[in-house]
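Okay, here's what each chain looks like letter by letter:
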Amino acid sequence: LDTTGDLARLRCDVTWSGGRDTLWYAVESRHAGHLCTDRYDGFVVGLLLKAMAQGEDLTVRGALSERLHENLNRYYGAIVAEMLPALRPVQVHAERLDAATARSRPAGVGTGFSAGIDSFAVLHDHYHHEDRPGWRVTHLLFNNVGSHGDRDPTAAARLFRQRHAAVRGYPDRLGLEFIAVDSNLSDLLRMNFEHTHTPRNLSAVLALQNLFGRYYYASTFRYRDCFVGPSYDMAFCDPLAVHLLSTETLDAVSTGGQYTRVEKTRRVARVPDAHRFLNVCTNVAADGRNCSTCVKCCRTLMTLELLGELAPFAAVFDLDTWARVRNRY
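Being a predicted model, the structure only gives us computed values, none of them experimental. (Residues numbered from 1 in each chain as written. Predicted model: local features only at pLDDT ≥ 70, side-chain atom pairs only at ≥ 80, totals over all residues. Heavy atoms only, no water.)

This part is about the environment of Gly 5. Mapped onto the elements, Gly 5 comes out in the loop between β1 (2–4) and β2 (7–16). With relative accessibility at 60%, the residue Gly 5 sits in the exposed group. Separated by 23 residues in sequence, Gly 5 and Glu 28 place their C-alpha atoms 9.0 Å apart. (Helix = DSSP H or I, 4+ residues; strand = E, 2+ residues; numbered from the N terminus. Buried < 20%, exposed > 50% of the residue type's maximum accessible area, 1.4 Å probe, protein only.)

Structure, rendered in structure tokens:
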């Protein structure tokens, strides 16, 4: 762990048949105490797909959570190999297995927040309509592990900062800590993000294990559409797989699969101030705003229109632009 200036960086040296690299995760220095320095869980989950692509077992010269070690070797690797047939199952070995007998579960409850439909739906259920301590969200994450571009690190870092600045107003209004996690994971993986987003994002969560006792991972698909098999999107297996990336002190939970996207959008329309902060755009050229013409923008706009909820979202979408592309869509 290096703390220099405003950043705390958790680093791990990686040696493989292609050479030597360093994988890192970085947060603002005031969050340094949340970074897990005694187990390599986050690094292992982040690098598992690399090892599977190379067909090389993954050996940890240090400690790994015992529950995670069991799940990766016995269950999770097999699911990933079904979803991505080009990858080969490998074994994870560790010098020491940590059963966390001397540690208590952290009190933090987290979820990712991109200000999209899925993440707002999680907040609808697990913040605005959740009163039980231990289940109500206390912290939000915003990760740079591939969703902002997985080919050009400089462009991805710029969009990461733009998007973070664009959506941080909502966590600020709620009084929730909004933690930005930067990483060079994409540089090492060199893989399609949609194929691999779940372990990428959960690796960042596991790097912050000193903070979280529970973490909600927003689903993309409803349960009836989920399966294990070759796919363009790893989210299809999330309800079966996300919990396998838990440890003795961190429960990873897939949530939202009980709803259709229309049902999620209806819920989001009821979330206070969502009409000021909803951000669903995938258009890199939009600089972190909603372009109102890409597939995700149009899908959301059409759904809001059918629900009779379009007008309140005029602050985050250009409704004149939508009117021009609506019939084509």
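Turning our attention to the pairing of strand β10 (residues 251–255). The buried fraction of β10 amounts to four of the five residues, a majority that puts the element mostly inside the structure. Examined bridge by bridge, strand β9 (residues 212–218) and β10 share five bridges and lie parallel to one another. Looking across to β10, one finds that Tyr 215 is bridged to Ala 252. (Pairing = 2+ DSSP bridges.)

Before going further, it helps to spend a moment on the pairing of strand β4 (residues 58–65). Here β4 lies mainly inside the structure; six of its eight residues are buried. Both β4 and strand β5 (residues 92–98) contribute to a ladder of six bridges, which runs parallel. Bridge pairing in β5 places Ser 65 opposite Asp 98. The parallel pair β4 and β5, bridged by helix α2 (residues 66–83), forms a crossover whose chirality is right-handed. (Right-handed = clockwise from strand over helix to strand, strands pointing away.)

Under the criterion given, the structure shown has 14 aromatic pairs. Arranged with centres 6.0 Å apart and planes meeting at 75°, the rings of Phe 113 and Phe 178 form a pair that is edge-to-face. Of this pair, Phe 113 sits in the loop between β6 (108–112) and α3 (117–128) while Phe 178 sits in strand β8 (residues 177–183), and the two are 65 residues apart along the sequence. The rings of Phe 113, Phe 120, Phe 142, Phe 160, Tyr 170, Phe 178 and Phe 277 are connected pair by pair, giving a single aromatic cluster. Directly above the ring of Trp 16 sits Lys 50, whose terminal nitrogen or CZ lies 4.0 Å from the centroid. (Phe/Tyr/Trp six-rings, centres within 6.5 Å; stacked < 30°, edge-to-face > 60°. Lys NZ or Arg CZ within 6 Å of the ring centre and 35° of its normal.)

Turning next to the packing of helix α1 (residues 41–54) against α2. In the contact formed by α1 and α2, the axes pass within 12 Å of each other and the chain directions differ by 35°. Of the two possible hands of crossing, α1 and α2 adopt the one that is right-handed. Together, Asp 41, Val 44, Val 45, Leu 48, Leu 49 and Met 52 of α1 and Leu 68, Leu 72, Tyr 76, Gly 77, Val 80 and Ala 81 of α2 make up the contact between the two elements. Residues that form the contact of α1 with α2 fall into these classes: 10 nonpolar, one polar and one charged. (Axes fitted to C-alpha atoms, helices over the stretch in contact; angles between N-to-C directions. Left-handed = near helix turned anticlockwise from the far one by under 90°. Contact = heavy atoms within 4.5 Å. Nonpolar A, V, L, I, M, F, W, Y, C, P; charged D, E, K, R; others polar.)

Running from N to C, α1 and helix α7 (residues 193–207) cross one another at 165°; their axes reach a closest spacing of 7 Å. One way to sum up the angle between α1 and α7 is to call them roughly antiparallel. The two elements α1 and α7 cross, and the hand of that crossing is left-handed. Contacts between α1 and α7 involve Asp 41, Gly 42, Val 45, Gly 46 and Leu 49 from the first element and Thr 196, Pro 199, Ser 203, Leu 206 and Ala 207 from the second. The class makeup of the residues in the contact of α1 with α7 is five nonpolar, four polar and one charged. (Parallel < 35°, antiparallel > 145°, perpendicular 65-115°, else oblique.)

The end-to-end C-alpha distance of helix α11 (residues 295–306) is 16 Å, a good match for the 16 Å that 12 residues give at a rise of 1.5 Å each. Every buried residue of α11 is listed here: Cys 297, Cys 298, Thr 300, Leu 301, Met 302, Thr 303 and Leu 304. Next to the buried residues of α11 lie α3, α9 (261–269) and α12 (319–325). (Expected span 1.5 Å × (residues − 1).)

What follows is about the sheet that holds β2. In spatial order, the strands read β1-β2-β3-β8-β7-β6-β9-β10; together these eight strands make up an open sheet with mixed pairing. Two strands lie at the open edges of the sheet, namely β1 and β10, each paired on one side alone. Averaged over neighbouring strand pairs, the angle between their axes works out to 25° when direction is ignored. As defined by bridge partners, β6 adjoins β9 across four bridges and the pair is classed as parallel. Bridge pairing in β9 places Gly 110 opposite Tyr 215. Where helix α4 (residues 153–167) meets the sheet, its contacts fall on β7 (139–144) and β8, and the angle it forms with β7 comes to roughly 155°.

Okay, unusual backbone geometry next. With a phi angle near 70°, Ala 115 is a residue other than glycine that sits in the positive phi range. With respect to the element layout, Ala 115 can be found in the loop between β6 and α3. Given a relative accessible area of 0%, Ala 115 falls into the buried group. Of note, the phi angle at Arg 190 is positive, near 55°, even though the residue is not glycine. Tracing the chain through its elements places Arg 190 in the loop between α6 (185–189) and α7. Accessibility expressed as a relative area gives 55% for Arg 190, which makes it exposed.

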